[in-house]
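Examination of the molecular architecture
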Amino acid sequence: MSVRYPTSSLQALLSQIGPVDQVGIDERVAKYGTRSIKKAAKLWGLRTAVTMVDLTTLEGKDTPGKVASLCQKALRPADDASIPPTAAVCVYPSMVRHAKKHVGGTSVKVASVATAFPSGQAPLSTRLAEVRAAVADGADEIDMVINRGAFLAGEFAEVQDEIAAVVEACGRATLKVILEVSELESYDNIRAASFLAMQVIRPGDFIKTSTGKTSLNATLGNNQVMLEAIRDHYLATGVAIGMKPAGGIRTAKQALTFLIAVKETLGDAWLNNTRYRFGASSLLNDLLRQLEKERTGAYQAPYSFSESAESY
Amino acid sequence: MTRLPITKTPKVYVGGAFIRSESARVYPLHDASGAFYANIPQCTRKDLRNAVEAAAKAGPGWARRTAYNRGQILYRLGEMLEARASELAAALQLGGATPAAAAREVAAAVDRLVYYAGWTDKYESLLGSVNPVAAPYFNFTVTEPMGVVGIIAPDECPLLALITLIAPAITSGNTVVALASSKQPYPAILLGEMLATSDLPGGVVNLLTGFRKELVPTFATHAHLRALIAVADPEERKTLALGAADSVKRVRLIKAEVATDWFADAAQSLQAIRDTLEFKTTWHPVGT
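Residues numbered from 1 in each chain as written. Chains lettered and ligands numbered in written order. Predicted model: local features only at pLDDT ≥ 70, side-chain atom pairs only at ≥ 80, totals over all residues. Heavy atoms only, no water.

Let's talk about a nonpolar patch on the surface
All names here are of chain B. Taken together, the side chains of Val130, Phe138 and Val286 make up a nonpolar region of the molecular surface, amounting to roughly 260 Å² of accessible area. Structurally, Phe138 is set in strand E6 (residues 137-145). Residue class for Phe138 comes out partly exposed when judged on its relative accessible area of 39%. (Patch = residues over 30% accessible without salt bridge, like charges linked within 9 Å, V, L, I, M, F, W, Y side chains within 5 Å. Areas by Shrake-Rupley, 256 points an atom, 1.4 Å probe, with all protein chains shown as cover. Salt bridge = Lys/Arg side-chain N within 4 Å of Asp/Glu carboxyl O. Helix = DSSP H or I, 4+ residues; strand = E, 2+ residues; numbered from the N terminus. Buried < 20%, exposed > 50% of the residue type's maximum accessible area, 1.4 Å probe, protein only.)

Laid out in structure tokens, this is it:
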């Protein structure tokens, strides 16, 4: 374990919530890849995964036009009208009003990253103002980043207070708390950060693995640590928190494996888009490609599917 | 002291790596006398799918190489075969070829690679054109590789025929997924090892072994394969033609029931390179 922060406060927290058995987690998730999901179950999984996608574009070069095409893709992912729309589109705050024009009044939500995404390195007042502005523009969901600097320095109260302040700023919008697991360095830290967030967010809010802007994104391992944290929190308090792995999930096969982890850790109650999401962009087309393969029996070429936005 | 025999587990060369079938299935290969020789990977349609993904990934990089560099690499592949000619000849003798016939086939295979190595920077000069048009345009046609090409090799001449089908496709920057002879797969297994040491980027040539019956339908319908070059019997030809029509891919079908002389000069040609090329014509305005 890293010694960059006073271990006493982390250890105090871990003594309440219990540490993570790293070897056990890694062994457990290695098994998920061996499950055989075929035919009807596969079809169900692929379609469910489509409805869980937060179709994302988070780039400096985003334009209202690009967001418009992203929204069209989210509403009608493929020619086949029986394929359901995605859960949400995920954009920068300045693009919220543009996205809202296209998906307002539909089942597709507008999610906006806020709080000085992806670093979170801005004064709290600025971060809160960004959240309020995004909500005022019509964002249904806010994806915030936690203050990793404060977390690693052991300032857990500060981390929690900031999350609580963002919860208040969100109003009716759903909140997703990005832990940025690649910067937390250990499974123990991921579990600790998960609990810090879950203790102050509301039922139906989410915890989310990463921004997608760092080298290491969602893996089965850190997804599992967070799912187990959600399970333990739910069993202790009855509060159901959602989960959103983001970044690095590009293939339908990966998505199905993540769904297996959800099913086997949290059960069917979490297998819908009010409690589980994928933060992704290229994943959607691979899901469509596999669905088309299941429909026609022929393997498809990736270029047969309209481009959405490529970011992570 | 007697040594335990150290036998090799044959693996197929896909995406620049040596893999077993994802199904973990194998089928026994016997030598000409009927004795067990090795277990050969029995690849499935999922292995084919993975091979096509690998070939598609390798495609742009291979096509971007200069023609000169592709020629160098093909020539080096010929060098690799030449250096291990005796090993390849032994693999051919497993199928019953006489030592002389096996040596002749290996030599012809090396020569064929050298033949196409020479073509890499020349075919464009013959196939591309500047076209006269009755308007103020500079009108020219250039060739482009098609993409991923599926190849199904015959049982006879298991090395020479395989190379005769693969070489013209990769000459122009296509990448290839090839099914080797089911009855005599061992030369293809060895060829994979030589491909790995030939500077050919991983994924440009992917070799599968297995049963034609299991793989031909997937070759036919896989939409990501842009062309099929196959030696096939009447029933397979029908399957391939129907599947290819669905996914609009080019097919060149060689009749398995008619004997092909793979050694003949006619078996190598500029036309074979043309089979896996697309032509792009550009109208460029010119000032008066």
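After that view, the rundown keeps rolling.
Comments concerning the interface of chain B and chain A
Of the residues lining the interface, ten residues belong to chain B; the matching set on chain A comes to nine residues. For the chain B face of the interface with chain A, the top three residues by lost area are B:Arg49, B:Ala223 and B:His224, together amounting to 44%. If you look at where chain B meets chain A, you find one salt bridge. A:Arg289 is the salt-bridge partner of B:Glu53, the closest N and O atoms lying 2.4 Å from each other. If you look at where chain B meets chain A, you find two residue pairs in polar contact (both at pLDDT 80 or more). Every element with two or more residues in the side of chain B that touches chain A is listed here: helix H1 (45-64) and helix H8 (212-221) of chain B. No other element matches the four residues that H1(B) contributes to the side of chain B that touches chain A. A per-class count over the side of chain B that touches chain A returns one nonpolar, four polar and five charged. (Contact = heavy atoms within 4.5 Å. Buried area = accessible area lost by both parts, 1.4 Å probe. Polar contact = N/O pair within 3.5 Å; in protein donor to acceptor, adjacent residues only side chain to side chain. Nonpolar A, V, L, I, M, F, W, Y, C, P; charged D, E, K, R; others polar.)

Comments concerning the packing of helix H6 (residues 124-136) of chain A against helix H8 (residues 156-170) of chain A
Residues and elements named next belong to chain A. Where H6 contacts H8, the two axes come as close as 9 Å, and the packing angle between them is 25 degrees. By the angle class used here, H6 and H8 are roughly parallel. The handedness of the crossing between H6 and H8 is right-handed. Along the contact surface, H6 presents Leu124, Arg127, Leu128, Val131, Arg132 and Val135, while H8 presents Glu162, Ala165, Val166, Ala169 and Cys170. Grouping the amino acids of the contact of H6 with H8 by side-chain chemistry returns eight nonpolar, no polar and three charged. (Axes fitted to C-alpha atoms, helices over the stretch in contact; angles between N-to-C directions. Parallel < 35°, antiparallel > 145°, perpendicular 65-115°, else oblique. Left-handed = near helix turned anticlockwise from the far one by under 90°.)

Considering unusual backbone geometry
The omega torsion of the bond from A:Phe117 to A:Pro118 falls at 0 degrees, within 30 degrees of zero and hence cis. Positive phi, normally seen in glycine, also occurs at A:Glu185, with a value near 75 degrees. Locating A:Glu185 in the fold gives a position in the loop between strand E5 (174-178) and helix H9 (187-198). Although it is not a glycine, B:Asp199 sits at a positive phi angle of roughly 75 degrees. With respect to the helices, strands and loops of the structure, B:Asp199 is situated in the loop between helix H7 (186-196) and strand E9 (205-208).

Notes on the sheet that holds strand E8 (residues 278-280) of chain A
Residues and elements named next belong to chain A. Strand order across the open sheet formed by eight strands is E7-E6-E5-E4-E3-E2-E1-E8, with parallel pairing between neighbours. Two strands close off the open sheet at either side, each with one partner strand: strand E7 (242-244) and E8. Direction aside, the axes of adjacent strands within the sheet are offset by 25 degrees on average. Along the sheet, helix H3 (residues 39-52) contacts strand E1 (53-56) and E8; its crossing angle with E1, the most-contacted strand, is approximately 50 degrees. (Pairing = 2+ DSSP bridges.)

Description of the sheet that holds E9(B)
Strands belonging to one sheet form pairs held by backbone hydrogen bonds; the direction of such a pair is parallel or antiparallel. Residues and elements named next belong to chain B. One open sheet holds the five strands; their spatial order is E9-E8-E7-E10-E11, and the pairing between them is parallel. Strands at the two margins of the open sheet, each flanked by one partner only, are E9 and strand E11 (250-255). Here the average twist between neighbouring strands, direction ignored, is 15 degrees. Pairing of strand E7 (residues 148-152) with strand E8 (residues 175-179) involves five bridges; the strand directions are parallel. Within E8, the residue paired with Ile151 across the bridge is Ala178. Of the strands in this sheet, E7, E8, E9 and strand E10 (225-232) touch H1, which is tilted by about 155 degrees from E8.

Here we look at the pairing of E9(B)
Residues and elements named next belong to chain B. Of the two faces of E9, the one holding Val205 and Leu207 and the one holding Asn206 and Leu208 are both buried throughout. Direction of pairing for E8 relative to E9: parallel, over a ladder of four bridges. Pairing of Val176 across the sheet is with Val205, part of E9. In this fold, the crossover linking E8 to E9 by way of H7 has right-handed handedness. (Right-handed = clockwise from strand over helix to strand, strands pointing away.)

Considering the packing of aromatic side chains
Enumeration over the complete set of coordinates arrives at twelve aromatic pairs over all chains. Look at B:Tyr37 and B:Tyr186: their rings are 5.2 Å apart centre to centre, the planes differ by 90 degrees, and that puts the pair in the edge-to-face class. Of this pair, B:Tyr37 sits in strand E4 (residues 36-41) while B:Tyr186 sits in helix H7; the two residues are 149 residues apart in sequence, bridging distant segments of the chain. An aromatic cluster is built from A:Phe258, A:Tyr276 and A:Phe278, whose rings are joined through pairwise contacts. In this structure, B:Arg104 is placed above the aromatic ring of B:Phe263, and the distance from its NZ or CZ to the ring centre is 3.9 Å. (Phe/Tyr/Trp six-rings, centres within 6.5 Å; stacked < 30°, edge-to-face > 60°. Lys NZ or Arg CZ within 6 Å of the ring centre and 35° of its normal.)

A short note on the confidence of the model for chain A
Put simply, chain A has an average pLDDT of 92, and 96% of its residues get 70 or more. Within the model, the stretch residues 1-6 of chain A combines pLDDT values under 50 with 13 contacts to residues more than four positions away or in other chains. (pLDDT = per-residue confidence, 0-100.)

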